[in-house]
Amino acid sequence: MSVEFDIAETLDVKGASCPMPVVKTKSAIDDLSEGEVLEVLATDPGSMSDLDGWATGTDGVEMLDQVEGDEVYKHYVRKTE
Amino acid sequence: MSTDTPDSTTGDAPGGDAEEAPSRAELAARVEELESQLSEVAADEGTKKMSIVATKGTLDMAYPPLILASTAAAFGYEVTVFHTFWGLDILHEERSKNLKLSSVGNPNMPVPNVVGALPGMDRVTTSMMEKRIDDNDTATIEELIETSLDMGVEFQACQMTIELMDYDEDDFYDGVTTGVGAATAIQDMADADIQLLV
């Protein structure tokens, strides 16, 4: 899938495992402004389900895309409010 | 047939009770009161809450409450973790860095219980687990506590067990709440959307 949005910030949580990818994503999103997109790079296979679940269950964020690359999982989260 | 219809009824008050109809001003005041109560309830419901009671102090049992607390905080939950009995060791700055894994009582351990019961075996199994935690880049207990505190998780140390274990309030991480008891925990549980005993 092509990436069709501007990335405001990239968070590298490669190597980190549960719960850190979600926890650090939350902190990084807090530092963004409304409408900005955070790119999260993770190696934890659980991040696919966990970050999607977090985005669904959390107000003010939207999961735009999740890409399963070679060993790195990329997530694109927009801050909506 | 009916004998309870007073003759004086004017027609607009069926039943004709002795109670006087509330005035417009009274009704307006009542509506205002209810609206303010409703907005309080709505505001209260806006914040999701989780209440965890942590009672265990082994290395393996220290992780679940901390992982769930920090993750719930990331979801926007207001989280309190009430630590009592061995769970206090998780908040104890020094002891939290030396939590042990028991080598007996868990059939999944790589050694039979009879071997696990030998002196020094807890140290061996704890070292094995610590190495795995390190190799896997799993967060340490200290990291999880600091992260949770940063995210606004409230850690409470049960006052009764602080005294029972002869700990000092200064033994705990900065930011830990002391001077609380079961009633505080019950209050948190009553208000919470999720309640867990670990």
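Residues numbered from 1 in each chain as written. Chains lettered and ligands numbered in written order. Predicted model: local features only at pLDDT ≥ 70, side-chain atom pairs only at ≥ 80, totals over all residues.

J.: Explain the sheet that holds strand 1 (residues 49-54) of chain B to me, and be specific about the residues and the numbers.
T.: All names here are of chain B. Strand order in the open sheet made by the five strands is 4-3-2-1-5, with parallel pairing throughout. In the strand order of this sheet, the two ends are held by strand 4 (177-180) and strand 5 (194-197), each with one partner. The average undirected angle you get between the axes of adjacent strands in this sheet is 20 degrees. Bridging between strand 1 and strand 2 (residues 78-83) involves six bridges; their strand directions are parallel. Counterpart to A54 in the pairing with strand 2 is H83. Across the sheet, helix 8 (residues 182-191) touches strand 1, strand 2, strand 3 (154-158), strand 4 and strand 5, and the angle it forms with strand 1 is around 140 degrees. (Pairing = 2+ DSSP bridges. Helix = DSSP H or I, 4+ residues; strand = E, 2+ residues; numbered from the N terminus. Axes fitted to C-alpha atoms, helices over the stretch in contact; angles between N-to-C directions. Contact = placed C-beta atoms within 7 Å.)

J.: Go over helix 6 (residues 141-150) of chain B, please, and point to the residues and values.
T.: Residues L144, I145, T147 and S148 of chain B constitute the buried set of helix 6 of chain B. Angularly, the buried residues of helix 6 of chain B cover 165 degrees about the axis, an arc narrow enough to put them on a single face. Where helix 6 of chain B is buried, its residues touch helix 1 (20-30) of chain A together with helix 2 (59-74) of chain B. (Buried ≥ 20, exposed ≤ 12 C-beta atoms within 10 Å, placed from the backbone. Arc of directions from axis to C-beta.)

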